[in-house]
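In case you want the letters, here they are:
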Amino acid sequence: QQGDFDSWEKGAYVYKENHFYKLISPNVLPAEYPIVKGLADGNACYVDRSYTYSNVPHFLQGAVYIKTANSDKNNMADPLLSFDVNTDATVYVAFDNRVPIPFWLSDFTDTGYDLRTDSSFSIYAKDFPAGSVALGPNGHKGSMYTVIVK
């Protein structure tokens, strides 16, 4: 079932597939990026645009994602987005295929799957141990990336 969790300031807790996650405080404006459970076709991608997801791969159906702001594609803060997980997790980043990936994303593995919004986004994955996850800037072009946590 889809729904926004508590605001970042209060912390957000997610229980999914026998894992318990706590996601907190991104380092961007707007100060609140909702954490949404239940990734599925038709879900809203951004807090500031009406784009929706389609072609969500089977292994990401129902996953938790962070609803970013598409206008933050121009924000060059580094890190742009950070959060904590209190257990090992795979972080997926769906990045706009119209532009080259930024340097920080080169540590991730291309899954070979795409997600669609206003364009096609390649899905990259990286395993993280419990602790802090920091992601860099989008790089000014294309649409803002999407973050999915499993």
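Our structure's up above, just so we're on the same page.
Draft legend 1. Representation of the pattern of salt bridges within the structure. What the rule picks out here adds up to 4 salt bridges. Aspartate 118 serves as the salt-bridge partner of arginine 98, at 3.4 Å between the closest nitrogen and oxygen. One end of the pair, arginine 98, is in the loop between β7 (89-96) and β8 (109-116); the other, aspartate 118, is in the loop between β8 and β9 (120-128), and 20 residues separate them in sequence. Aspartate 107 is the partner of lysine 126 in a salt bridge, and the nearest nitrogen-oxygen pair spans 3.8 Å.

Draft legend 2. Representation of unusual backbone geometry. Cis geometry is found at the peptide bond from aspartate 78 to proline 79, where omega equals 10°. Checked against the element boundaries, proline 79 lands in the loop between β5 (64-66) and β6 (81-85). Its identity is not glycine, yet asparagine 55 carries a phi of approximately 60°, on the positive side.

Cut-offs applied
Residues numbered from 1 in each chain as written. Predicted model: local features only at pLDDT ≥ 70, side-chain atom pairs only at ≥ 80, totals over all residues. Heavy atoms only, no water. Salt bridge = Lys/Arg side-chain N within 4 Å of Asp/Glu carboxyl O. Helix = DSSP H or I, 4+ residues; strand = E, 2+ residues; numbered from the N terminus.

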